[in-house]
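# An overview of the molecular structure
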Amino acid sequence: MIENFVPYPLTYLKGAGSRKADILSKELNIKTVGDLFKLYPFRYIDRTKFYQISALNEDLPLVQIIGKVNSKQLVGEGPKKRLVVKFSDSTGSMELVWFQSIKWIDENIQVGKVYIAFGKPNFFNGAFSIAHPEIESYPRTEGLIGNSTLQPVYNSTEKLKKSFLDSKGIQRIIEHALEVYLHHVKETLPSYILQKYKLPPLKTAIQNIHFPQDLKALKNAQRRLKFEELFFIQLEMLHSKLVRQLKYKGMVFSKVGEKLNTFYNQHLPFPLTGAQKRVIKEIRLDTQRGIQMNRLVQGDVGSGKTVVALMSMLLAVDNGYQSCMMAPTEILARQHFHSIQELVGENLIKIALLTGSTTKKQREILHKQLEAGEIDILVGTHALIEDKVKFNNLGLVVIDEQHRFGVQQRAKLWQKNNIPPHVLVMTATPIPRTLAMTLYGDLDVSMIDELPAGRKPINTHHFTEGQRLRMFGFIRREIDLGRQVYVVYPLIKESEKLDLLNLEAGIEQLRYQFPLPEYQISIVHGKLSNAEKEYEMQRFVEGKTQIMVATTVIEVGVNVPNASVMVIENSERFGLSQLHQLRGRVGRGADQSYCILMTGNKLSNEGKLRIETMVRTNNGFEISETDLQLRGPGDLAGTQQSGVLNLKIANLTTDHAILKEARATVVQIFEQDPMLQAPDHVLLKYHLDQENQGIRLDKIS
Ligand SMILES: Nc1ncnc2c1ncn2[C@@H]1O[C@H](COP(=O)(O)OP(=O)(O)OP(=O)(O)O)[C@@H](O)[C@H]1O
């Protein structure tokens, strides 16, 4: 990629002395000229359009004004302290105001001089002002930018600004770097790809991303660089998949044997959905081919992933291998253990549970049995990863709720055998396709995109505080019909105490509304011990309590088909995917189910959109797309640790089409030339070699 092709240190650059180079390195992790080229502007100013002060109105977005600084003055104290500059042109005057970087601005603006101010005009106390405008001296110093109608704006930090590296300062360094080093940039993509997708050469793209000749050139440059970014991610992922397939001969599960057949014919309490059958078939094909399976099974909440996992594990057992299933929490591990036990009955296979609360003595026995091959399926939490846990012949690893586990944890399970076991990753939070392709690009993806027959869509309602009594009335009717109800409270770490208070106040109110002995309430929250949680859960599962009051510990995977109402308190404090997960705890049986989203009266625009989305749709994929748009990929649970989302220019929400093209291109390359021996692919091979061995590219010119 680009940075590798221009590896010269910044200190070679005029205007970037060692102090500036140092601060660029520390603040923005920019170490080489190539890194600098990849510091893309986050916005552009149309340099040709200026406004006069008399023509300003509040509805204008960002404007450029040429004017003279008449005076500057520090006003106010403490947090209210600000620098106020009187700025005027021939048509009127206005104020420019800074609350931050006051000292730096003060030192760099001179009274009597003419500047260009850029920002959003506000009308206040009968006059226009701009808060925190960008400021540039007039006339502009023209360099490369002289050819451009658009001026780049770079992100700068307080520290950078202090070293004269505001947007303008960065622009100057990049301008110089381009003049000296642009000709060193070598093309990274094969020319047939550039032709096919009508992408400009890398040099042109870099020039135009910083100093675009016009809007069209900018768009082309952006497209090229986004393509490049996504292309190399896909290249690395699909390459590592290929290497894995070549390196590891997967175990072959050649037969469907007695256990799976007995389960299917005698134990399975319902017909499988078409989607479940299809996914099981995909898994069967994978495990017959002599390659190591790495498959992601995506299914919406309640789509029946557990039985797919179980049947895959029985397939392993039938072929003489052990399996394990790893869940993200103790409650979930226990639940999987119980539901698998219930599904397969007592005698068919030997199942065991290993979690953080398994006693030392039980553990020792378990370890021995596992090593001796006496346990067929081990269910557990990340306690399974511990080195002491040794299998006799592990054939399949099922990981539930992948993105709570890191990629390294996944790898650790592989290492439990000489031959890595097959891996099935199950995720209940649907991930938008774009994100799945990027995050799990090295996995094959199966979708369980069908709910079991007879499920009714959950009716979702938005209630505010004034409708609380109505809500109580509603849940009372449902309980009287024999159903069960969840009431969930948010738990946010920073204010754990407050949340607990909230929870306690809520419980008191519920107790008042639903008095003993007629009504029983289970309470589960993070402060309880595992044993207490388990006890409370179990009472609810067995129908001994009608209401389960909980913090989000129940978020994923809890399965009580008789529960028909989910009340979410302070629902505006939850993210969309989380709300969808919580709602998925009901509607798991044939009864009509309901979700009531309680909120205060005032909602932010985003909060409103989240609630409206939940009321409108039950479709997890649609919800996760909206979530991605609202929050960006970095916020989706656990994705931060993936590393691959450190994108510089591509946007997973909007660049779906480019991602598809990039992926298709890489797939085709590996199909036609897996060893990357064609002359067109030499550079790609070179890139992968460097990525894999960490060798720097300084040596080639
Ligand atoms: N084909 C089917 N027909 C009827 N019921 C089914 C079918 N498959 C699964 N179920 C039942 O549907 C419920 C949900 O299944 P399961 O717990 O496997 O869902 P899941 O996909 O793991 O959902 P979540 O991710 O929300 O926990 C269970 O009670 C299960 O027994």
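What you are looking at is a predicted structure, and each value in this text was computed from that prediction instead of being measured.

## Points about the site of the ligand
Taken together, 19 residues lie near the ligand, and Gln 276, Lys 305, Thr 306, Arg 455 and Arg 588 sit nearest. One of the side-chain nitrogen or oxygen atoms of Arg 588 is found 2.8 Å away from an oxygen atom of the ligand. In isolation the ligand exposes 630 Å². Once the protein is present, 85% of that is buried. Grouping the constituent residues of the shell around the ligand by class yields seven nonpolar, eight polar and four charged. Taken together, domain 3 (258–448) and domain 4 (459–617) each give at least three residues to the shell around the ligand, which thus spans both.

## Let's talk about unusual backbone geometry
Omega for the bond connecting Tyr 138 with Pro 139 falls within 30 degrees of zero, at -5°, which places this linkage in the cis form. Within the fold, Pro 139 resides in the loop between strand S8 (134–137) and strand S9 (150–153). Residue Asn 29 is not a glycine yet carries a positive backbone phi of 60°. Relative to the assigned elements, Asn 29 resides in the loop between helix H2 (18–28) and helix H3 (33–37). In this model, His 132 sits at a positive phi of 50°, which is unusual for a non-glycine residue.

## So, the sheet that holds strand S21 (residues 563–568)
Read from one edge of the open sheet, six strands run S17-S22-S21-S18-S20-S19, paired in parallel fashion. Each of the sheet's edge strands pairs with one partner strand only, and the pair in question is strand S17 (459–464) and strand S19 (521–524). With strand direction ignored, the average angle separating the axes of adjacent strands in the sheet is 20°. Of the strand pairs in this sheet, S17 and strand S22 (residues 594–599) are connected by six bridges, and their pairing is parallel. Across the sheet, residue Asn 459 finds its bridge partner in S22, namely Tyr 594. The sheet contacts of helix H21 (residues 605–616) involve S17 and S22, and relative to S17 the element is tilted by about 145°.

## Observations regarding the nonpolar core
One finds Phe 227, Leu 230, Phe 231, Leu 235 and Leu 378 to be the most contacted residues of the largest nonpolar core, which totals 51 residues. Looking at this core, the element that brings in the most residues is helix H9 (residues 215–247), giving eight residues. Both of domain 2 (191–232 + 655–701) and domain 3 (258–448) provide at least three residues apiece to this core. Phe 263, Met 325, Ala 327 and Val 379 belong to the second-largest nonpolar core, a separate cluster that totals 41 residues.

## Observations regarding helix H11 (residues 274–288)
Relative to the 21 Å expected for 15 residues at 1.5 Å per residue, H11 spans 21 Å between its end C-alpha atoms, a close match to the ideal helical length. Buried within H11 we find Ala 275, Gln 276, Val 279, Ile 280, Ile 283, Asp 286 and Thr 287. One side of H11 holds all its buried residues, which, seen down the axis, span an arc of 135°.

## Thoughts on the pattern of salt bridges
Taken as a whole and judged by the stated rule, the model has 27 salt bridges. Lys 72 serves as the salt-bridge partner of Asp 106, at 3.0 Å between the closest nitrogen and oxygen. With Asp 106 in helix H4 (residues 102–108) and Lys 72 in strand S2 (residues 63–75), the pair connects residues that are 34 residues apart, well separated along the chain. Given the relative accessible area of 26%, Asp 106 is considered partly exposed. In this structure Lys 72 comes out as partly exposed when scored by relative accessible area, which is 28%. Linking Asp 655 and Lys 226 is a salt bridge whose minimum nitrogen-to-oxygen distance equals 3.2 Å. Of the two residues, Asp 655 is situated in the loop between helix H22 (620–631) and helix H23 (656–672) and Lys 226 in helix H9; the sequence distance between them amounts to 429 residues. Each member of the pair Asp 655 and Lys 226 is classed as buried.

Cut-offs applied
- Residues numbered from 1 in each chain as written.
- Predicted model: local features only at pLDDT ≥ 70, side-chain atom pairs only at ≥ 80, totals over all residues.
- Heavy atoms only, no water.
- Near = heavy atom within 4 Å.
- Polar contact = N/O pair within 3.5 Å; in protein donor to acceptor, adjacent residues only side chain to side chain.
- Areas by Shrake-Rupley, 256 points an atom, 1.4 Å probe, with all protein chains shown as cover.
- Nonpolar A, V, L, I, M, F, W, Y, C, P; charged D, E, K, R; others polar.
- Domains from an automatic or database assignment.
- Helix = DSSP H or I, 4+ residues; strand = E, 2+ residues; numbered from the N terminus.
- Pairing = 2+ DSSP bridges.
- Axes fitted to C-alpha atoms, helices over the stretch in contact; angles between N-to-C directions.
- Contact = heavy atoms within 4.5 Å.
- Core = buried A, V, L, I, M, F, W, Y, C linked by side-chain atoms within 4.5 Å.
- Buried < 20%, exposed > 50% of the residue type's maximum accessible area, 1.4 Å probe, protein only.
- Expected span 1.5 Å × (residues − 1).
- Arc of directions from axis to C-beta.
- Salt bridge = Lys/Arg side-chain N within 4 Å of Asp/Glu carboxyl O.

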